[in-house]
Amino acid sequence: MQKQYGDIFQIWIGSNHYYVFCRSEHAEKIYSDRHIFDRADVRTKTFGLIAEDFLITLVGSKYKRHAKAIVPMLRKHRFKSQISIIINYVDQLIHIWKDRYENQNNPICTCILTGNQQLMLDTFTRLTFDYDLGNLKHLSKLAKQSNSEDKIQPSELGVALSIWLDALTRVATNGMSSFVNDFLLKIDKKYQNALKTLKTNAENMIRKCQEEMDPNNRPVNLVASLVSSLQKDEASEKRKPETEQIGITKKELLGEVLGLILGGYETSSTILAWFIHFVSKKSEVQQKMKEELKQQGITKETSLNNFDLLDRCQYIDCVLKETLRLATTSFVSPRTLLVDTIIDGIKIRKGDTVVSAFSLMQRDPRYWKLDPTQFIPQRFFGVDAPDVNHNPFVFTPFGGGHRACVGQDLARLELKVIIIRYFH
Ligand code: HEM
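It should be emphasised that the depicted structure is a prediction, and the values quoted were computed from it without experimental measurement. The residue numbering used here restarts from 1 in each chain and proceeds along that chain's sequence as written. Whole-chain, interface and lining totals are the exception, using all residues; otherwise, since this is a predicted model, local features are given only for residues with pLDDT of at least 70 and side-chain atom pairs are given and counted only at 80 or more. Excluded from the side-chain calculation are hydrogens and water; included are all heavy atoms of the structure.

Here we take up the pattern of salt bridges. Any Lys or Arg side-chain nitrogen found within 4 Å of a carboxyl oxygen on Asp or Glu counts as a salt bridge. Under the counting rule described, the total for this entry stands at 26 salt bridges. Across the pair arginine 23 and glutamate 25 runs a salt bridge, and its minimum N-O distance is 2.8 Å. Lysine 208 is paired through a salt bridge with glutamate 212; the nearest N and O atoms lie 3.4 Å apart. Linking lysine 208 with glutamate 212, this pair stays in helix 10 (residues 189-212), spanning 4 residues, or about one helical turn. Beyond isolated ion pairs, a larger network of salt bridges with shared partners links Glu52, Asp53, Lys62, Arg65, Glu242, Lys251 and Glu252. By definition, any uninterrupted DSSP run of H or I lasting at least four residues is a helix, any uninterrupted run of E lasting at least two residues is a strand, and each is numbered from the N terminus.

With that out of the way, let us pick up the packing of helix 16 (residues 314-326) against helix 18 (residues 408-422). For the pair helix 16 and helix 18, interaxial distance at closest approach is 11 Å and the crossing angle is 115°. For the crossing formed where helix 16 meets helix 18, the hand is right-handed. Contacts between helix 16 and helix 18 pair Ile316, Asp317, Leu320 and Leu324 from the former with Arg412, Leu415, Lys416, Ile419 and Ile420 from the latter. The residue classification treats Ala, Val, Leu, Ile, Met, Phe, Trp, Tyr, Cys and Pro as nonpolar and Asp, Glu, Lys and Arg as charged. All others, Gly included, are polar. Residues of the contact of helix 16 with helix 18, tallied by class, amount to 6 nonpolar, no polar and 3 charged. Working convention: axes come from line fits to C-alpha atoms, limited for helices to the stretch in contact. Angles between N-to-C directions cover 0 to 180 degrees. By the definition used in this description, the sense in which the near helix is turned from the far one sets the handedness, with an anticlockwise turn below a right angle giving left-handed and a clockwise turn giving right-handed. Should any heavy atoms of two residues lie within 4.5 Å, those residues are counted as being in contact.

By convention in this document, the label disulfide applies to cysteine sulfur atom pairs within 2.5 Å. This structure, assessed with the given rule, holds 0 disulfides. Note on cysteine 109: no disulfide assigned, nearest cysteine sulfur contributed by cysteine 111 at a separation of 3.7 Å. For each residue, the accessible area found with a 1.4 Å probe, counting protein chains only, is set against the maximum for its type, and the residue is called buried under 20%, exposed over 50%, and partly exposed in between. Here cysteine 109 falls in the partly exposed class, since its relative accessible area comes to 28%. No disulfide involves cysteine 313; its sulfur sits 11 Å from that of cysteine 318, the nearest cysteine.

Given below as structure tokens:
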């Protein structure tokens, strides 16, 4: 569409209409003014059908009420003491792969994505909800029993999450009205069963947290923060206007747990699978990563909870950055206008939806000195690197502005630790 119509065009996806903007100055405007551009209401109409109480679908006071319990718990320093947990899960996955593929002639690994998905599911839920889903333990048993020709089967929760995710993709892209999609979901038995499995798992996590939580101490992780934000008297809170309500309801808590698991595992595992794909084809990149680890004295025994040490692995940062640039997990940042405005001479009205097409800019040759279709981590490495001073608005894999990804700090940390561990 961009090739045919240029950097600004309109698109209908079913009943949803979007203005698409593809240049850095457009992104700058869209991300810079929170009083004009807010979370797109198409998210509420689509994601909202599947996860109505998840942060990504909320706006206004309800968004602030939820963000207060979630955002501070996702800062990087909160996870410093849990790095060994990440390492432990990565090692489990490496063992599973070894059990399945070592000593095989010309093995072809058919489970890079599913393996990484189970890794991220276990890691994310343990780090944020202090709950071991046991997916990798389950895979480990299977890997020891079965022969490597069999595909790895995800656990019951993994299957339920992928059915849930498929439903989300469907309602986000089929363009049908919310009413029709809502009806289709209600009669979709597979989806309803998946929802039951998800709810049971989320309820178990919440119950475990409630049993273990000390009410006199400050919450130590995300689930504790959410549980301690539960409203004492839901009925009386409900009678207040939204702007005055404090805390979250039990139903909202369940919605957030499910939404955050989805947000926290799906994107990161996709990025990991792409990382393996790109790097496996570039022996010189592998070599440079190994050299950097050696230079920094990082061995299998080194504790990675030293953030200064992690920060010094700058080439590995570039590899991660390049993976995020090329392997986009979402394509655009959508925003609905709160007031009329003009973008690049185009009048847009209150209630219209605009999108900043970051995935196009991340591959647009006008913004990159080295061929943007190629995987070249070197483009970012060092003060004189060709693309180190790229325009910040053309590289936004986590979106931007006040509705940028709240999990990006955690995602970058998890990905870096996992990548380093893969190299040992
Ligand atoms: C590599 C990993 C990840 C990528 C590429 C990614 C990407 C994104 C993108 C593109 C958005 C939309 C931003 C916008 O509209 O401008 C987003 C929003 C969001 N992400 Fe992530 N994400 C990742 C990891 C995570 C993790 C680990 C979590 C959970 C802790 C998370 C939770 C969220 C939430 C809650 C939102 C909605 C924020 C809001 O609406 O205010 N994401 N993410």
